[in-house]
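Examination of the molecular architecture
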2 protein chains.
Amino acid sequence: MIRIGIAGYGNLGRGVALAASKNPDMKVTAFFTRRAPETLKTVLPEVPVYKLEDAAAHKDEVDIMIICGGSATDLPTMTPMLAKDFNVIDSFDTHAKIPEHFANVDAAAKANGHIGMISVGWDPGLFSVARAYGLSVLSDGTPYTFWGRGVSQGHSDAIRRIPGVVDARQYTVPVPAALEAVRSGSNPTLTTREKHTRECYVVAEEGADLAAIETAIKTMPNYFDEYDTTVNFISLEELHEKHMGIPHAGHVIVSGKTGAEQENNHVVEFSLTLDSNPEFTACVLCAYARAAYRMVSSGVTGCKTVFDVAPGMLSTLTPEELRAHYL
Amino acid sequence: MIRIGIAGYGNLGRGVALAASKNPDMKVTAFFTRRAPETLKTVLPEVPVYKLEDAAAHKDEVDIMIICGGSATDLPTMTPMLAKDFNVIDSFDTHAKIPEHFANVDAAAKANGHIGMISVGWDPGLFSVARAYGLSVLSDGTPYTFWGRGVSQGHSDAIRRIPGVVDARQYTVPVPAALEAVRSGSNPTLTTREKHTRECYVVAEEGADLAAIETAIKTMPNYFDEYDTTVNFISLEELHEKHMGIPHAGHVIVSGKTGAEQENNHVVEFSLTLDSNPEFTACVLCAYARAAYRMVSSGVTGCKTVFDVAPGMLSTLTPEELRAHYL
């Protein structure tokens, strides 16, 4: 049994606890939290909860530590710190800062004979893998990534910070015509506005200036100003009734040409439709935790990503079973 | 530069020659054929053509030999034989015989310090990889594979063997309702008939008994009797005008559930739409030839499959470039 530690217990940590419990070769042996441990009620009440700051004292109880913190402030410090005492895996998703995070985790993991796997989830993660396969096979291919329809936590938070807003959900939605153009293999050049629209469901305070809120959303730099955005004001009841899920979806599409005259077109597409973004991400983390365990057991140390993991390493099946049933 | 040898020059061998020429790190250095070498005109007229039986004499001219033979009779003997003198890669696709082929290639490759990569293409190949990722992540997921719309060479050949038939093309077509049911995450149980239909375009001899041909097709055991099949009689001109391409397509879909009450559904889909089945397969072979070259250079020998190859090994990009741009 691979002994899994879980550092951080929000939606993702809860998802990892559920996913690891379903994997026949894994057992969650400890939770680590910055809250008072006795106040944390998990889905696995028999598993002990420790203070995160005392984690090192429990390093012999955990084979792989799955770090379930946020990319903005938690993971940049947590992952390198925990990599000193544990084999670690995280879902760091700030694309622009991946090289820096990689270097920090690599140094800490290598110095202590550990493996540190970063940026594991679906984007980055399975989508990265889909981009790598597509572009390696179609050597002059063009990659496209579409997200949605799904909830963007960052955009929802940005709306909530507007004065007069009680609560909000923002859905990112791919433009059907753009998806169709890409799938046709026509290799279109698409602007930000042409690829996605943004749908907002907003609960306003009583008496709030709705027109002002709508303008504040639609003109918000980076978040909304480059998109066609629709704003729907709804009641708190309706928000709770219809918008409490955390679904997401997306597509990675690579198209390219072959033939003596480049006359043949090929389209490779990888798509996800997820009822629960954090629970699916948790499943990906568990599969890569298995790979991390196998890799470090065979002497691999340092920082690794999904690009370094052969698909067979992720499976509970033996190589013989995989070849016989799924090749 | 990785020096590529190509053994066999049909549609696939021609595709490999074109694909390898487009890869910046590859160079085709030799063709090997069972025909009289001087009669073989390739798309790379500057590259020498040798007799297949003399291949061993040219082993120092080739880093990776891509074997472009048929799975029924060529590859079971060619791949183990060539693995004695070369690092080899093939697209062996007789699913039921993969374990036996693996054992034969493994013995020959290991005994001679070579790598032998087998069953590389899209199914087996990229579809196998999609099944492995989907089932590793969704640990109780259900995998579905759909093929088409595309030409099945085996079924076309089977029709051609019926008396009175001049030529024929058979398209395998997924049933839209079945695809939709699988994508909905309902995990349907589907019969062979419910998953695919078969569309036949047949050129008959003048005066042939068309009704008898149609019956012979529709009742043919294994090939057609378990499917809803439509037979269209067309002229040779129409066949040449509309049905000379070798397109194919397909979908691997894995769906599974998560959550404390299994209340959340997830669907992972990998799809291909290919104008030229052999040219795309050739592109996949080239990407894995690169991986094979890197793996054997780092000391890996024996038989390997797509399950053993990390996606980063397939790319022309450095690990740093991959992480910075595609993670």
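Residues numbered from 1 in each chain as written. Chains lettered and ligands numbered in written order. Predicted model: local features only at pLDDT ≥ 70, side-chain atom pairs only at ≥ 80, totals over all residues. Heavy atoms only, no water.

**Some points on the overall build of chain A**
Stated precisely, the cut-off is as follows: Numbering goes from the N terminus for both helices and strands, where a helix is a DSSP run of H or I of at least four residues and a strand is a run of E of at least two. Based on C-alpha atoms, the radius of gyration is set beside the globule rule, defined as 2.2 Å times the residue count to the power 0.38. Only protein chains enter the calculation, and the probe is 1.4 Å; a residue is then buried if its accessible area is under 20% of its type maximum, exposed if over 50%, and partly exposed in between.
In terms of helices and strands, chain A carries eleven helices and 14 strands. Over its C-alpha trace chain A gives a radius of gyration of 22 Å, about what one expects of a compact globule, namely 20 Å for 327 residues. By principal-axis analysis of the C-alpha atoms, chain A measures approximately 65 × 55 × 35 Å. Looking at chain A as a whole, 57% of its 327 residues qualify as buried.

**With respect to the pairing of strand 12 (residues 248–258) of chain A**
Residues and elements named next belong to chain A. Stated formally: Paired strands, as defined in this entry, are two strands with at least two bridges between them according to DSSP.
By the criterion of burial, strand 12 is predominantly enclosed, with ten of the eleven residues buried. Strand direction decides the pairing type here: strand 7 (residues 142–147) and strand 12, joined by six bridges, are antiparallel. Within strand 12, the residue paired with Thr142 across the bridge is Ser255. The antiparallel hairpin formed by strand 12 and strand 13 (residues 264–274) contains five residues in its connecting segment, where Gly259 sits at a positive phi of about 105°.

**Examining the sheet that holds strand 11 (residues 228–233) of chain B**
All names here are of chain B. The strand order across the open sheet formed by four strands is 8-9-10-11, and the pairing between neighbours is mixed. Strand pairing shows two members of the sheet lacking a second neighbour, strand 8 (150–151) and strand 11, which therefore form its edges. Sheet topology places strand 9 (residues 165–174) next to strand 10 (residues 196–204); nine bridges connect them, and they run antiparallel. Bridge pairing links Gln170 to Cys200 in strand 10.

**Notes on the pairing of strand 10 of chain B**
All names here are of chain B. Filter applied, for reference: Handedness of a crossover is defined as follows: orient the strands so they point away from the viewer, and if the path from the first strand over the helix to the second runs clockwise, the crossover is right-handed.
Strand 10 sits mainly inside the fold: seven of its nine residues count as buried. By the bridge criterion, six bridges tie strand 10 to strand 11 in an arrangement that is parallel. The partner of Val202 across the bridge, within strand 11, is Phe233. Regarding the hand of the β-α-β motif, the stretch spanning strand 10, helix 8 (residues 210–218) and strand 11 is right-handed.

**Section: the packing of helix 1 (residues 11–22) of chain A against helix 10 (residues 277–297) of chain A**
Packed helix pairs are specified by the crossing angle of their axes together with the interaxial distance, meaning the distance between the axes. Residues and elements named next belong to chain A. Note the cut-off: Axis definition: a line fitted to C-alpha atoms, limited for helices to the stretch in contact. Angles are taken between N-to-C directions and run from 0 to 180 degrees. Oblique is the label for every angle not falling under 35 degrees (roughly parallel), over 145 degrees (roughly antiparallel), or within 65 to 115 degrees (roughly perpendicular). In this scheme the handedness of a crossing depends on how the near helix is turned from the far one: anticlockwise by less than a right angle means left-handed, clockwise means right-handed. Every residue pair with non-hydrogen atoms within 4.5 Å of one another is taken to be in contact. Classification used: nonpolar for Ala, Val, Leu, Ile, Met, Phe, Trp, Tyr, Cys and Pro, charged for Asp, Glu, Lys and Arg, polar for all others including Gly.
Where helix 1 meets helix 10, the closest approach of the two axes is 8 Å, and the angle between their N-to-C directions is 55°. Comparing their axes, helix 10 and helix 1 come out oblique. Remark: the crossing between helix 1 and helix 10 carries right-handed chirality. Residue-level inspection shows Asn11, Leu12, Arg14, Gly15, Val16, Leu18, Ala19 and Ala20 of helix 1 in contact with helix 10, the latter providing Pro278, Glu279, Thr281, Ala282, Cys283, Leu285 and Cys286. Each residue belonging to the contact of helix 1 with helix 10 can be placed in one class, and the counts come to ten nonpolar, three polar and two charged.

**Comments concerning the interface of chain A and chain B**
The criterion, for reference: Throughout, buried area stands for the accessible area (probe radius 1.4 Å) lost by two parts on being put together, summed over both. Salt-bridge detection follows one rule: a side-chain nitrogen of Lys or Arg within 4 Å of a carboxyl oxygen of Asp or Glu. Throughout this description, a polar contact denotes any pair of N or O atoms lying within 3.5 Å of each other; where both atoms belong to protein, one of them has to be capable of donating a hydrogen while the other can accept it, and for residues adjacent in sequence the pair is counted only when both atoms sit in side chains.
Across the boundary between the two partners, chain A contributes 65 residues, which contact 65 residues of chain B. Taken together, the two surfaces of chain A and chain B that pack against each other cover about 5400 Å², and 64% of this comes from carbon and sulfur. Sorting the residues of chain A by area buried against chain B places A:Tyr133, A:Phe307 and A:Leu327 first, and these three jointly supply 15% of that buried surface. Along the contact surface separating chain A from chain B lie two salt bridges. The partner of B:Lys22 in a salt bridge is A:Asp140, with the nearest N and O atoms 3.0 Å apart. The tally of links from chain A across to chain B stands at 27 residue pairs in polar contact (both at pLDDT 80 or more). Breaking the side of chain A that touches chain B down by element, the ones donating at least two residues are helix 1, helix 3 (98–111), helix 4 (126–137), strand 12, strand 13, helix 10 and helix 11 (319–326) of chain A. Looking at the side of chain A that touches chain B element by element, the count peaks at eleven residues for strand 13 of chain A. Classifying every residue of the side of chain A that touches chain B gives 34 nonpolar, 18 polar and 13 charged. With nine bridges connecting them, strand 13 of chain A and strand 13 (residues 264–274) of chain B associate as antiparallel partners. From the neighbouring strand, A:Leu272 faces strand 13 of chain B, where its bridge partner is B:Val268.

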